[in-house]
Amino acid sequence: MSREIAFVFNGNKMNMAIEDHWTLLHLIREELGYTGTKEGCGSGECGACTVIVDGNAVNSCLYLAAEIDGKELMTIEGLASPDGTLHPIQKAFVENGGIQCGFCSPGMIISAKALLDENPNANEEEIKEAIAGNLCRCTGYVQIVDSIKSVSGHEAQEPHVVAFRSEEGDRGD
Amino acid sequence: MRKFTYLVPKTLDEAISLYQSYGERAKYIAGGTDVLVKIKEGKLAPDYLISLKHIISQDRPFLNHETGELYVGAFVTHRMIETSPLVQAHYPILYDAVKNIGSVQIRNVATIGGNLVNAVPSADGAIPLITLDGKANIYGAKGQRSVDLLRFFLGPGQCDLERGEILTEVVVPRLLPRTGSAYIKHGRREAMELPMLGVGVLLSLEADMETCAKAGISLGVAAPTPIRALQAEKHLVGKTINEETLAEAGKIAGEESKVRDSIRGVAWYRREMVAVLVTRMGMKALERASRNAEVGMGNK
Ligand SMILES: Cc1cc2nc3c(=O)[nH]c(=O)nc-3n(C[C@H](O)[C@H](O)[C@H](O)COP(=O)(O)OP(=O)(O)OC[C@H]3O[C@@H](n4cnc5c(N)ncnc54)[C@H](O)[C@@H]3O)c2cc1C
Ligand code: FES
Ligand code: FES
């Protein structure tokens with residue numbers, strides 16, 4: 001069956017007709033044409049499809065498009081400014097080697113965004129917990145955790161750690 | 001994904017009457033983290049999905065101040081439980097369990113009701129709630145009924161729900177004073193894994209803060225359904241709680257479990273782990289009971 005839904009997509013109001021059996025991932029990639037959000041496993045295991053719905057990180061592969069009605073959706077395309085300036089989290093990933101092949105990056109960055117919106121001073125443990133549902137086959141995670149640490153207020157209060165980031169690896173807080 | 005019609009009733013009665021109209025062709029869905037995976041895998045093929053997410057109900061755990069009962073609505077997400085100050089302060093066994101379910105993304109949508117109705121032996125939500133003597137409230141065409149959550153689980157993937165019935169909430173009776181509790185899921189990795197074992201321990205102490213007034217010990221993945229280790233509990237009541245008595249109880253619990261050799265681990269190892277983890281969770285429960293008593297939060 002199809003239905004009309006209304007939602008806010010990366011800050012813009014949208015009205016559209018959708019099919020009941022569409023996942024949110026299908027809506028985003030195939031219908032809206034925004035391909036930043038990736039499909040890895042399709043079953044909630046890898047986090048490549050992570051988006052933010054009403055402030056919460058969710059797996060769009062296991063979320064029905066019909067459920068986005070009346071809600072606010074943010075994908076990776078919603079992070080950079082319209083003029084192309086990267087979001088501080090995106091910049092941090094670039095600068096800290098948090099990206100290698102890049103397949104996991106949209107999901108990782110979105111998970112980090114949801115975490116820092118809720119808890120701007122997240123510590124290392126909280127960061128690791130927030131990305132526990134995001135798999136990366138390239139980086140070994142250290143650089144990803146470092147990237148997120150570098151933009152969390154928790155880290156900003158301890159600037160000495162930032163300076164030698166790449167050597168600091170698993171440094172506990 | 002295979003086509004289906006998505007229905008969003010606003011009341012329990014509406015949901016049940018939709019179910020009655022479509023019967024076998026319909027399936028309830030809450031968070032969908034189990035149902036949608038099964039549809040994608042071809043293990044389920046409903047023509048109608050009846051959503052329970054829009055039924056108007058409490059969206060976080062709450063305490064009935066008159067009776068001291070904790071109400072956990074079935075449609076509450078794991079994340080809502082995890083972030084509840086009430087649960088964190090007084091029901092740490094429940095916090096321990098939901099905190100490690102799947103990932104943040106999963107916990108933001110998956111519900112406690114879906115976890116219980118799934119009735120897999122490893123359901124993390126089940127162990128703490130049966131340790132807490134939870135009762136399941138169920139609503140159906142014939143009205144409302146209530147069963148001990150422990151009896152709700154009939155076998156792997158099987159629970160005590162008649163066709164079309166809906167689990168509406170779990171009610172936890174008033175805690176005794178000086179109670180502490182803890183849960184651990186044991187696996188190779190904390191997040192995103194099928195656990196090898198789940199162990200929950202609850203201890204209520206006498207005023208001397210060392211004699212056991214009441215004990216609850218529950219095991220997940222140790223039998224076809226979540227179980228209470230009743231002999232082990234009995235062993236503790238009236239005794240001084242310490243590492244030794246807990247280790248004795250742990251050994252008894254290991255014997256009560258029905259672990260088998262499986263992909264998750266061999267039986268003797270899992271039995272040993274029951275003993276180790278019952279002791280460890282018992283010590284944690286003891287410490288939490290003492291800490292609560294100190295700051296005057298004895299779960300009255
Ligand atoms: C990646 C991943 C990781 C996971 N990790 C864990 C884990 O660590 N621990 C764990 O225990 N589980 C885990 N699960 C399993 C599952 O997500 C949870 O058990 C979850 O709580 C199910 O809830 P739901 O609301 O998503 O269920 P749904 O998929 O919506 O429903 C599950 C079943 O219950 C029925 N149902 C749901 N609610 C009700 C109700 N109130 N009354 C009657 N019937 C109902 C549905 O018809 C369906 O049969 C994981 C799943 C995934 C995909
Ligand atoms: S594609 Fe959604 S979690 Fe892997
Ligand atoms: S950078 Fe390749 S998967 Fe993470």
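The present account deals with the structure reproduced in this document. (Residues numbered from 1 in each chain as written. Chains lettered and ligands numbered in written order. Predicted model: local features only at pLDDT ≥ 70, side-chain atom pairs only at ≥ 80, totals over all residues. Heavy atoms only, no water.)

**Quick notes on the overall build of chain A**
Summing up its helical and strand segments, chain A has eight helices and five strands in all. Counting over 173 residues, chain A shows a buried share of 50%. Taking all contacts inside chain A whose residues are at least 6 apart in sequence as the whole, residues at least 24 apart take part in 54%. On chain A, roughly 7800 Å² of surface is accessible, and the fraction owed to carbon and sulfur atoms is 49%. (Helix = DSSP H or I, 4+ residues; strand = E, 2+ residues; numbered from the N terminus. Buried < 20%, exposed > 50% of the residue type's maximum accessible area, 1.4 Å probe, protein only. Contact = heavy atoms within 4.5 Å. Areas by Shrake-Rupley, 256 points an atom, 1.4 Å probe, with all protein chains shown as cover.)

**A look at the pairing of strand 4 (residues 56–59) of chain A**
The pairing of strand 3 (residues 50–53) of chain A with strand 4 of chain A spans four bridges and is antiparallel. Counterpart to Ile52 of chain A in the pairing with strand 4 of chain A is Ala57 of chain A. (Pairing = 2+ DSSP bridges.)

**Section: the sheet that holds strand 7 (residues 143–148) of chain B**
Residues and elements named next belong to chain B. Across the sheet, which stays open at both edges, the five strands sit in the order 4-5-10-6-7 with antiparallel pairing between neighbours. Each edge of the open sheet is held by one strand with a lone partner, namely strand 4 (62–64) and strand 7. Sheet twist, expressed as the mean angle between neighbouring strand axes with direction ignored, is 30°. (Axes fitted to C-alpha atoms, helices over the stretch in contact; angles between N-to-C directions.)

**Considering the environment of Pro195 of chain B**
Tracing the sequence through the fold places Pro195 of chain B in the loop between strand 11 (179–186) and strand 12 (197–205). For the pair Pro195 of chain B and Leu277 of chain B, spaced 82 residues apart in sequence, the C-alpha to C-alpha distance is 13 Å.

**What about the interface of chain B and chain A?**
Across the contact, 27 residues belong to chain B and 29 residues belong to chain A. Together, the buried faces of chain B and chain A total about 2200 Å²; carbon and sulfur atoms form 56% of this surface. Our enumeration of links across chain B and chain A arrives at three salt bridges. The partner of Glu129 of chain A in a salt bridge is Arg107 of chain B, and the shortest N-O contact between them spans 3.4 Å. (Buried area = accessible area lost by both parts, 1.4 Å probe. Salt bridge = Lys/Arg side-chain N within 4 Å of Asp/Glu carboxyl O.)

**Some details on the site of ligand 1**
Every one of the 36 residues lining ligand 1 counts as a neighbour, but Tyr28, Ala30, Thr33, Thr111 and Asp124 of chain B are closest to it. The residues that come close to ligand 1 belong to more than one chain, namely chains A and B. With respect to ligand 1, the side chain of Lys27 of chain B contributes an N or O atom lying 3.1 Å from an oxygen atom. Measuring from a nitrogen atom of ligand 1, one finds a backbone N or O atom of Leu167 of chain B at 2.9 Å. If you tally residues by element for the shell around ligand 1, the top one is helix 7 (residues 112–118) of chain B, at five residues. For the shell around ligand 1, the per-class residue count stands at 16 nonpolar, 14 polar and six charged. (Near = heavy atom within 4 Å. Polar contact = N/O pair within 3.5 Å; in protein donor to acceptor, adjacent residues only side chain to side chain. Nonpolar A, V, L, I, M, F, W, Y, C, P; charged D, E, K, R; others polar.)

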